[in-house]
Amino acid sequence: MVSKAFQKTPQKKSYDIVIIGGAIMGSATSWFLSKNKNFGGSILVVERDPTYQFSSTARTNSCIRQQFSRELNIRISQYTAQFIKNFQENLEDDRVPKLGIQNYGYMYLADTKDKAKSLRTIQKTQLKAGASTILMNPDEIKSKYPFYNVSDIFLGSINKVDEGYWDGGTVFDWLRRSSIDNGVEYISNEVTGINQNSNGNRVEEIVLKSGEVINCGVVVNAAGPRASKISEMLNIKIPVEPRKRYTWVFSAECPLEVDLPLTIDPSGIHVRQDGPDTYLAGSKGFIDDPVNFDDFSFEEDLWEDYVWPKIANRIPAFEAIKVKSEWAGHYAYNTLDQNAIIGPHPSISNFMFINGFSGHGLQQAPAMGRGMSELLIYGKYQSLDLSPFGYDRILNGTPFLEEAII
Ligand SMILES: Cc1cc2nc3c(=O)[nH]c(=O)nc-3n(C[C@H](O)[C@H](O)[C@H](O)COP(=O)(O)OP(=O)(O)OC[C@H]3O[C@@H](n4cnc5c(N)ncnc54)[C@H](O)[C@@H]3O)c2cc1C
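Residues numbered from 1 in each chain as written. Predicted model: local features only at pLDDT ≥ 70, side-chain atom pairs only at ≥ 80, totals over all residues. Heavy atoms only, no water.

> Can you break down the overall build of the protein residue by residue, with the values?
Within the protein, the secondary structure is distributed over ten helices and 18 strands. Since a compact globule built from 406 residues should have a radius of gyration of about 22 Å, the 21 Å found for the protein is in line with a globular shape. Overall size of the protein, expressed as C-alpha extent along the three principal axes, is 65 × 45 × 40 Å. Counting only residues that meet the buried cut, the protein has 57% of its 406 residues in that class. For the protein, long-range pairs separated by at least 24 residues make up 75% of all intrachain contacts whose partners lie at least 6 apart in sequence. Accessible surface for the protein amounts to roughly 17100 Å². Of this, 47% is attributable to carbon and sulfur atoms. (Helix = DSSP H or I, 4+ residues; strand = E, 2+ residues; numbered from the N terminus. Rg over C-alpha atoms; globule rule 2.2 N^0.38 Å. Buried < 20%, exposed > 50% of the residue type's maximum accessible area, 1.4 Å probe, protein only. Contact = heavy atoms within 4.5 Å. Areas by Shrake-Rupley, 256 points an atom, 1.4 Å probe, with all protein chains shown as cover.)

Below you can see the structure in the form of structure tokens.
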């Protein structure tokens, strides 16, 4: 394979762009920048763990949906769907695999009249934005998906176009490899400090754990759940904290007769098809507090006492199942509104955020990487206007609320 092993030491003393964090956001940014003919600058990506084993990108569930309440979030996913379906052409490389989306859809289930009303309202926004969401009453749900228990359900909503599972790992890997082919330098090191000019209105250098100090034109914070640690190096507060999310993959003694949509149970637990006879479930913990950056421990009783009973109640065939694997990962959880923070800091204009994606960052990475590259090259967004996700709303405490949060 073409990609070179990560070196620890950068080749140069100065770079136009330094990206902190080389997972999907850092790599989407470096790829869109490095392929743009209007950008001739140098790019350094600093990654503290090139195995990526604890990154959100490696621990994701890799799903995409159009069922958001904000038109902008829908447009972002629509762009990603096109990006995935034309992946080989976009990367202009016939070694890159052709990819698709497994369109089993998300099934949102409402167990109160208020939640049903909200599904109806959100559906209008989605239809207006070109999504194909349909509403189903309990009888309609039961006739298409006989395995559900719908005794407490008022309404469901589902969309089976560009909604389901996609291979985010392959997309990430090729964005990174292709960036390196385009001349981007990735190093295995950790940013431990950022130096500013004497006025405090620009960043000038990053400090590496290995001791080197590197000049930089712009710094992009793509550090995922550790984003607040990077910002704190400049005394900037961002409302992003690591929150644990658990995943279980299981097989069922009696597999379901129809592909299981990614079902959003009213309890908040989700479960979906994950292979011909396997399924994947996800949940938060008993208490959803911020956790230590290195804490990936498991709450042992969570599955037995909470998650499995809820799943078996919704899908009685899941009373006989066998867990095959499980893992915990961290959301970079934006406590203000669970939406992205992207763009420059208002008074340190060469310090950029691409943070706080909570549970929907993987599917946003192509649009966010493209948007960040536009800001860096042209000084403004050229395609989708992502300014509602700017840092100003954090300063003003004005959330950009998204109702459909998982
Ligand atoms: C369990 C789970 C399920 C999810 N499911 C979905 C889903 O179905 N669909 C969806 O769209 N999204 C999902 N997400 C969210 C999505 O995975 C994330 O939003 C996305 O991966 C964030 O990517 P990132 O590059 O911002 O962060 P990360 O992948 O965490 O990458 C940040 C990188 O920065 C590096 N870094 C940190 N600090 C430093 C430093 N000081 N110096 C150098 N490097 C540093 C880290 O090592 C890491 O590699 C899920 C997340 C989890 C945890």
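> A description of the domain arrangement of the protein should follow, citing residues and the corresponding values.
Domain boundaries in the protein define domain 1 (14-60 + 168-239 + 336-396) and domain 2 (102-163 + 241-334). A C-alpha centroid distance of 31 Å is found between domain 1 and domain 2. Taken together, the contact pairs 21 residues of domain 1 with 13 residues of domain 2. The contact between domain 1 and domain 2 buries some 1400 Å² in all, and 51% of this surface belongs to carbon and sulfur atoms. (Domains from an automatic or database assignment. Buried area = accessible area lost by both parts, 1.4 Å probe.)

> An account of the side chain of His-330 is needed here, citing residue identities and associated values.
Mapped onto the fold, His-330 is located in strand 16 (residues 321-334). Using a relative accessible area of 4% as the deciding quantity, one classes His-330 as buried. Reaching out from His-330, the side chain makes a polar contact with the backbone oxygen of Asp-295 at a distance of 2.8 Å. Not counting chain neighbours up to four residues away, the residues in contact with His-330 comprise Ser-56, Pro-225, Pro-242, Arg-243, Lys-244, Val-291, Asn-292, Phe-293, Asp-295 and Phe-296. (Polar contact = N/O pair within 3.5 Å; in protein donor to acceptor, adjacent residues only side chain to side chain.)

> I'd like to hear about the packing of helix 1 (residues 24-35) against helix 9 (residues 365-378), residue by residue, with values.
For any two helices packed against each other, the geometry is given by the interaxial angle and the distance between the axes. Contact geometry for helix 1 and helix 9: axes closest at 8 Å, N-to-C directions at 50°. Judged on the interaxial angle alone, helix 9 and helix 1 are oblique. Where helix 1 crosses over helix 9, the two elements pack in a sense that is right-handed. For the pair formed by helix 1 and helix 9, the contact residues are Ile-24, Met-25, Ala-28, Thr-29, Phe-32 and Leu-33 on the first element and Ala-365, Pro-366, Met-368, Gly-369, Arg-370, Met-372, Ser-373, Leu-376 and Ile-377 on the second. Residue classes in the contact of helix 1 with helix 9 are distributed as eleven nonpolar, three polar and one charged. (Axes fitted to C-alpha atoms, helices over the stretch in contact; angles between N-to-C directions. Parallel < 35°, antiparallel > 145°, perpendicular 65-115°, else oblique. Left-handed = near helix turned anticlockwise from the far one by under 90°. Nonpolar A, V, L, I, M, F, W, Y, C, P; charged D, E, K, R; others polar.)

> So what about the pattern of salt bridges? Which residues, and what values?
Per the counting criterion, the structure on display carries 19 salt bridges. The partner of Asp-152 in a salt bridge is Arg-314, with the nearest N and O atoms 2.9 Å apart. Here Asp-152, found in the loop between helix 5 (138-144) and strand 6 (155-159), pairs with Arg-314, found in helix 8 (residues 300-314); they are 162 residues apart in sequence, far enough to count as distant. Owing to a relative accessible area of 4%, Arg-314 belongs among the buried residues under this scheme. Among the charged side chains, a salt-bridge network with shared partners connects Glu-241, Arg-243, Arg-245 and Asp-288. (Salt bridge = Lys/Arg side-chain N within 4 Å of Asp/Glu carboxyl O.)

> Which residues make up the packing of helix 2 (residues 71-85) against helix 9, and what are the values?
Orientation of helix 2 relative to helix 9, taken along the N-to-C sense of each, is 100°, at an axis distance of 7 Å. It follows that helix 2 is roughly perpendicular to helix 9 by the angle criterion. For the pair formed by helix 2 and helix 9, the contact residues are Ile-76, Tyr-79, Thr-80 and Phe-83 on the first element and Pro-366, Ala-367, Met-368 and Arg-370 on the second. Its residues assigned to classes, the contact of helix 2 with helix 9 comprises six nonpolar, one polar and one charged.

> Any chance you could break down helix 6 (residues 168-181) for me, citing the residues and the numbers?
Every α-helical turn comprises 3.6 residues, leaving residues that sit three or four positions apart pointing alike. For helix 6, which comprises 14 residues, the first-to-last C-alpha distance of 20 Å matches the rise-based estimate of 20 Å (1.5 Å per residue) to within 8%. A large share of helix 6 lies buried, amounting to eleven of its 14 residues. Within helix 6, burial applies to Gly-168, Thr-170, Val-171, Phe-172, Trp-174, Leu-175, Arg-176, Arg-177, Ser-178, Ser-179 and Ile-180. Looking at the buried side of helix 6, the elements it contacts are helix 1, helix 2, helix 3 (87-91) and strand 8 (185-188). Just downstream of helix 6, Gly-183 is the residue with a positive phi angle, here 105°. (Expected span 1.5 Å × (residues − 1).)

> An account of the site of the ligand is requested, with residue identities and associated values reported.
What surrounds the ligand is a group of 38 residues, the closest being Glu-47, Ser-56, Thr-57, Cys-63 and Gln-363. A distance of 2.8 Å is found between an oxygen atom of the ligand and a backbone nitrogen or oxygen belonging to Gln-363. Within the complex, the protein chains bury 95% of what would otherwise be the 1000 Å² of accessible surface of the ligand. Those elements giving two or more residues to the shell around the ligand turn out to be helix 1, strand 2 (43-47), strand 12 (240-252) and strand 16. At three residues, strand 16 tops the list of elements feeding residues into the shell around the ligand. (Near = heavy atom within 4 Å.)

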